[in-house]
Amino acid sequence: MKHVIALDVGGTGMKAALVGADGTLLHEARRATGRERGPDAVVESILAFAADLHALGRERYGQPASAAGVAVPGIVDAETGTAVYAANLGWRDVPLRAMLSDRLDGIPVALGHDVRTGGLAEGRIGAGRGADRFLFVPLGTGIAGAIGIAGAIEAGAHGYAGEIGHIVVRPGGPACGCGQHGCLETLASAAAVTRAWATASGDPDADAADCAKAVESGDPRALAVWSEAIGALADGLVTALTLLDPRTLIIGGGLAEAGETLFTPLRAAVKERVTFQRLPNIVPAALGDTAGCLGAGLLAWDLLATEVSA
C-alpha cells in the first residue's frame, strides 16, 4: 500500500503517522522530543523516529514510504530544507531535509513550518475546507498565522508571512520577546490571558482555562481580563482581514477550547470594528493537535505530485 511518513515536531512532543493516499491515518505514534538533552539529541530523535516509521511501513505494507513530510517550529527555509532557528529546541541551521532523506534511503522529504503546516491541513481538510482564501490563527503560548490561498499556504518572500502575533495593537504596551511593545500576542494569547488572570485572581497557578470558567460564572474580574484580551484580538484580526480579505477565519489553539465563551464575543467585537470590510466566517479549528501531523502528510503527498508533474 502506497503511503507517506508524516511527522510533527513540537517543543515537548512529536506526533507521527503513516498516511495513505486518500489521507487515511494508517498508523499513529507519539514520542517525547527530549529537548532537555540538547539540540543534537533532538535532531537524532527526529531521525530515529522517522527511520522506525520507515521500517514499520515496509514491514506492514510491503513497500517503503514514498515520501516524508515534517513540520517543525521556529524559522524554516522550506526551499533549502533547513530548520534555521527554534528557540525552544535550541537548534540553528540544521539541514533537516537532507539528513532525513539520507536516513530514509533517499526518499523525497518536505520540510514545513509547524503553524503553516497545521494551517494547510485546517484549510484543505478541516474547518476551512472549500474556502479559496482563509486565515488560520492559533492562540497558544504565542499567536501565529497561516495565510491560505487556493489550497496552498503563502510563506512570503522570506518565510515570515502570517506573523499576526507581532502586529502592534497597543503601542507602548507590554514588552514582547520580538523587541516591540504592545504586540497582539502579549495581550491575547493563551499565555497572556493566563498571566493576566493569575494577577487578577491572586492565584499564581490559575490559567486561561480557569479564566474562561470564571467568565462563564460571571466573575467581574474574569470578565474584565477576557474583555481586554478579546478587544486586542479583534483589533489584530481586523487589521489582518483588512489586508487579506479572507473568506474564512479559523481560530485554534488552547484559547479556542473555550468555545462560544470566546467565539460569541469575538465575532461581535470584530463585527463592530469593521467598516467597509467584508466579514469572514469566524470558525473554530476542527483538527485539534492532529493538524500539524495531517498537514505534514499533505506536504509529502504534494511533493510527490509535484515530482510527477515535473
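Residues numbered from 1 in each chain as written. Predicted model: local features only at pLDDT ≥ 70, side-chain atom pairs only at ≥ 80, totals over all residues. Heavy atoms only, no water.

## With respect to the overall build of the protein
Using the following cut-off: A run of DSSP states H or I qualifies as a helix once it reaches four residues; a run of E qualifies as a strand once it reaches two. Both are numbered from the N-terminal end. Both definitions apply: the radius of gyration is a C-alpha atom measure, and the globule rule equals 2.2 Å times residues to the power 0.38. Relative accessibility under 20% of the residue-type maximum defines a buried residue, over 50% an exposed one, and the middle range a partly exposed one, all with a 1.4 Å probe and only protein chains included. Only heavy atoms enter the contact rule, under which two residues are in contact if any of them lie within 4.5 Å. Only the protein chains shown count as cover for residues, and all accessible areas are computed by the Shrake-Rupley method using a 1.4 Å probe. Only four residue types enter the tally: Lys and Arg on the positive side, Asp and Glu on the negative side, with His and both chain ends excluded. We put the charge of a Lys on NZ, of an Arg on CZ, of an Asp on CG and of a Glu on CD.
Helix and strand content of the protein: nine helices and 13 strands. Its C-alpha radius of gyration of 20 Å places the protein within 12% of the 19 Å reference for a compact globule of 310 residues. Per-residue burial over the protein gives 50% buried out of 310 residues. A separation of at least 24 residues holds for 60% of the contacts in the protein among residues at least 6 apart in sequence. Of the accessible surface of the protein, which amounts to about 13,800 Å², a share of 53% is contributed by carbon and sulfur atoms. With 24 positive and 34 negative side-chain charges, the protein shows a separation of 3 Å between the mean positions of the two kinds.

## Structural notes on a negative patch on the surface
For clarity, the cut-off: Note on patches: the residues involved have over 30% relative accessible area and no salt bridge, like charges join within 9 Å, and the nonpolar side chains Val, Leu, Ile, Met, Phe, Trp and Tyr join within 5 Å. Whenever a carboxyl oxygen of Asp or Glu lies within 4 Å of a side-chain nitrogen of Lys or Arg, that contact is scored as a salt bridge.
Together, Asp203, Asp205, Asp207 and Asp210 make up a negatively charged patch on the protein surface. Note on placement: Asp203 falls in the loop between helix H5 (190–201) and helix H6 (208–216).

## Quick word on helix H8 (residues 260–273)
To keep it simple, the criterion reads: Expected helix span is given by 1.5 Å per residue-to-residue step, counting one fewer step than there are residues. The directions considered for the arc are those from the helix axis to the C-beta atoms.
Between its terminal C-alpha atoms H8 stretches 19 Å, which fits the 20 Å expected from 14 residues at 1.5 Å a residue. Buried within H8 are the following residues: Thr261, Leu262, Phe263, Leu266, Ala269 and Val270. Down the axis of H8, the sector holding all buried residues measures 165 degrees, keeping them to one side. Those residues of H8 that are exposed and aimed more than 90 degrees away from the buried face are Lys271 and Glu272.

## With respect to the sheet that holds strand E7 (residues 91–94)
Strand pairing in a sheet relies on backbone hydrogen bonds, with the paired strands running either antiparallel or parallel. This is how it is decided: Between any two strands, at least two bridges found by DSSP are needed for them to pair. Orientation is described by lines fitted to C-alpha atoms, with helices fitted over the stretch in contact, and by angles between N-to-C directions that extend from 0 to 180 degrees.
Pairing is antiparallel in the open sheet, where three strands are placed in the order E5-E6-E7. Of all strands in the sheet, those bounded by a partner on one side alone are strand E5 (75–77) and E7. Across the sheet, the axes of successive neighbouring strands diverge by a mean angle of 15 degrees, strand direction being ignored. Summarising the sheet, E5 and strand E6 (residues 82–86) pair through three bridges and their orientation is antiparallel. Bridged to Val76 within E6 is Ala83.

## Examining the sheet that holds strand E13 (residues 281–284)
Taken in spatial order, the five strands make up an open sheet running E11-E10-E9-E12-E13, and their pairing is mixed. Because the sheet does not close on itself, it has two edges, and the strands there are strand E11 (152–154) and E13. The sheet shows a mean angle of 30 degrees between the axes of neighbouring strands, taken without regard to direction. As paired elements, strand E10 (residues 146–149) and E11 share three bridges and run antiparallel to each other. In the strand pairing of E11, Gly148 is matched with Ile153.

## Some words on unusual backbone geometry
Phi at Asp105 is positive, roughly 60 degrees, even though this residue is not glycine. One can find Asp105 in the loop between helix H2 (96–103) and strand E8 (109–113).

## A closer look at the pattern of salt bridges
Per the counting criterion, the structure on display carries twelve salt bridges. Between Asp302 and Arg124 there is a salt bridge, and its shortest N-O distance comes to 3.0 Å. In this pair, Asp302 is assigned in helix H9 (residues 291–309) and Arg124 in helix H3 (residues 114–125), connecting sequence segments 178 residues apart. We classify Asp302 as partly exposed; its relative accessible area is 28%.

## Side note on the packing of H5 against H6
Stated formally: Any angle between 65 and 115 degrees counts as roughly perpendicular, while under 35 counts as roughly parallel, over 145 as roughly antiparallel, and the rest as oblique. Note: crossing handedness is left-handed where the near helix turns anticlockwise from the far helix by less than a right angle, and right-handed where it turns clockwise. Under the grouping applied here, Gly and all other residues not named as nonpolar or charged are polar, the nonpolar ones being Ala, Val, Leu, Ile, Met, Phe, Trp, Tyr, Cys and Pro and the charged ones Asp, Glu, Lys and Arg.
Put simply, H5 and H6 touch, their axes get as near as 8 Å, and they point 65 degrees apart. Taken together, H5 and H6 sit at an angle that is classed as roughly perpendicular. Here H5 and H6 pass one another in a crossing that is left-handed. Residues Ala190, Val193, Thr194 and Trp197 of H5 touch H6, and the partners they reach there are Ala208, Asp210, Cys211 and Ala214. Residues belonging to the contact of H5 with H6 are distributed by class as follows: six nonpolar, one polar and one charged.

## A closer look at H6
Given 3.6 residues per turn, any residue in an α-helix points the same way as the ones three and four places further on. The condition that has to hold: Any N or O atom pair separated by 3.5 Å or less is treated as a polar contact, with the protein-specific requirement of one donor-capable and one acceptor-capable atom, and with residues adjacent in sequence counted only for side-chain atom pairs.
Within H6 the residues assigned to the buried category are Ala208, Cys211, Ala212, Ala214 and Val215. All buried residues of H6 project into a common sector of 160 degrees when viewed along the axis, lining one side. Of the exposed residues in H6, those oriented more than 90 degrees away from the buried face are Lys213 and Glu216. Against the buried residues of H6 lie H5, helix H7 (220–244) and H8. Two or three places before Ala209, at the opening of H6, Asp207 has a side-chain oxygen 3.2 Å from that residue's backbone nitrogen. Of the residues trailing H6, Gly218 is marked for its positive phi of about 85 degrees.

## Comments concerning the nonpolar core
The criterion, for reference: As used in this record, nonpolar core signifies buried Ala, Val, Leu, Ile, Met, Phe, Trp, Tyr and Cys residues forming a set joined through side-chain atoms within 4.5 Å.
Ranked by size, the top nonpolar core spans 44 residues in total, and within it Val137, Trp226, Leu237, Ile251, Leu262 and Val270 carry the most contacts. Counting only elements with at least two residues in this core, the list comes to strand E9 (133–138), helix H4 (185–188), H5, H6, H7, strand E12 (248–252) and H8. Per element, the largest residue contribution to this core is twelve residues, and it comes from H7. Filtering out sequence-adjacent residues up to four positions away, Leu237 remains in contact with Val137, Ile164, Leu249, Ile251, Leu266 and Val270.

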